Amino acid sequence: MSCVGAHRFMDFASRAARNEEFVREVNRRIEEGAQLHGVGSAMPFHCECAQHFCLEKIDLDAQIYEPILSERYRFLVVPDHVVASVERIVETHETFVVVEKVGEARDQIDRDHPQTRHRAAEGAPDE
Ligand SMILES: [Zn+2]
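Cut-offs used in this document
Residues numbered from 1 in each chain as written. Predicted model: local features only at pLDDT ≥ 70, side-chain atom pairs only at ≥ 80, totals over all residues. Helix = DSSP H or I, 4+ residues; strand = E, 2+ residues; numbered from the N terminus. Contact = placed C-beta atoms within 7 Å. Buried ≥ 20, exposed ≤ 12 C-beta atoms within 10 Å, placed from the backbone. Pairing = 2+ DSSP bridges. Arc of directions from axis to C-beta. Core = buried A, V, L, I, M, F, W, Y, C linked by C-beta atoms within 7 Å. Axes fitted to C-alpha atoms, helices over the stretch in contact; angles between N-to-C directions.

## A few points about the overall build of the protein
Across its full length, the protein holds 4 helices and 5 strands. When the helices and strands of the protein are placed in sequence order, the string is α-β-β-α-β-β-β-α-α. The contacts of the protein with a sequence gap of at least 6 include a subset with a gap of at least 24, amounting to 48%.

Laid out in structure tokens, this is it:
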């Protein structure tokens, strides 16, 4: 567990979001492959934490990962890798936790994907 200075926080949050983006893409393909081939057993998904080049894997059924994948602010991480300054825990399991991005890290996701924002805003008139 390392501490990140407050002056570096914005930069850290920004880089963290992009790193997770990459890992998420890898996991998305694992999940798609599992669905395609009807794999019913656990698959080794990558930890989607904010650490660069984290190599931890989490064995998980694709059906369990799928709803996490569909929530753009939610990520799958091993319990030790939660970064409290950029995310909060929404689900705790034995081998993994589901975190939801908050603050700057969440804004970064919106900036990287401005087009998907409106799709989720259906039913919420806010022009
Ligand atoms: Zn990790």
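Read on, since the account is not over.
## Structural notes on the pairing of strand S5 (residues 97–101)
Among the 5 residues of S5, 4 are classified as buried, and the element is accordingly described as predominantly covered. As judged from the 4 bridges shared by strand S3 (residues 74–77) and S5, these two strands associate in the antiparallel manner. Within the sheet, the bridge partner assigned to Arg74 lies in S5 and is Glu100. Here strand S4 (residues 87–92) runs beside S5; their pairing, made up of 5 bridges, is antiparallel. Paired with Glu87 across the two strands is Lys101, which belongs to S5. What sits between S4 and S5 in their antiparallel hairpin is a turn of 4 residues.

## What about helix H2 (residues 62–69)?
The complete set of buried residues in H2 reads Ala62, Tyr65 and Ile68. Buried residues of H2, seen end-on, are gathered within an arc of 115 degrees and therefore sit on one face of the element. Across from the buried face of H2, at angles greater than 90 degrees, the exposed residues are Gln63 and Pro67.

## Brief notes about the nonpolar core
Counting residues in each nonpolar core, the largest one holds 19 residues, and the members touching the most others are Ile58, Tyr65, Leu76, Val77 and Phe96. The set of elements that each furnish at least two residues to this core consists of strand S2 (57–61), H2, S3 and S5. Setting aside anything within four residues of it in sequence, one finds Leu76 in contact with Phe45, Glu48, Ile58, Tyr65, Ile68, Phe96 and Val98.

## A short note on the sheet that holds S4
The 3 strands lie next to each other as S3-S5-S4, forming an open sheet whose pairing is antiparallel. Sheet topology places S3 and S4 at the edges, where each strand pairs with a single neighbour. Here the strands of the sheet are splayed against their neighbours by 35 degrees on average, with no regard to which way each runs.

## What to know about the environment of Gly40
Relative to the helices and strands, Gly40 resides in the loop between helix H1 (9–36) and strand S1 (42–46). Between the C-alpha atoms of Gly40 and Asp61, which are 21 residues apart in sequence, the distance is 6.8 Å.

## Things to note about the environment of Ser41
When you line up the elements, Ser41 lands in the loop between H1 and S1. Classification of Ser41 by C-beta neighbours within 10 Å gives exposed; the count is 8. Residues Ser41 and Asp59, spaced 18 residues apart in sequence, show a C-alpha to C-alpha distance of 9.2 Å.

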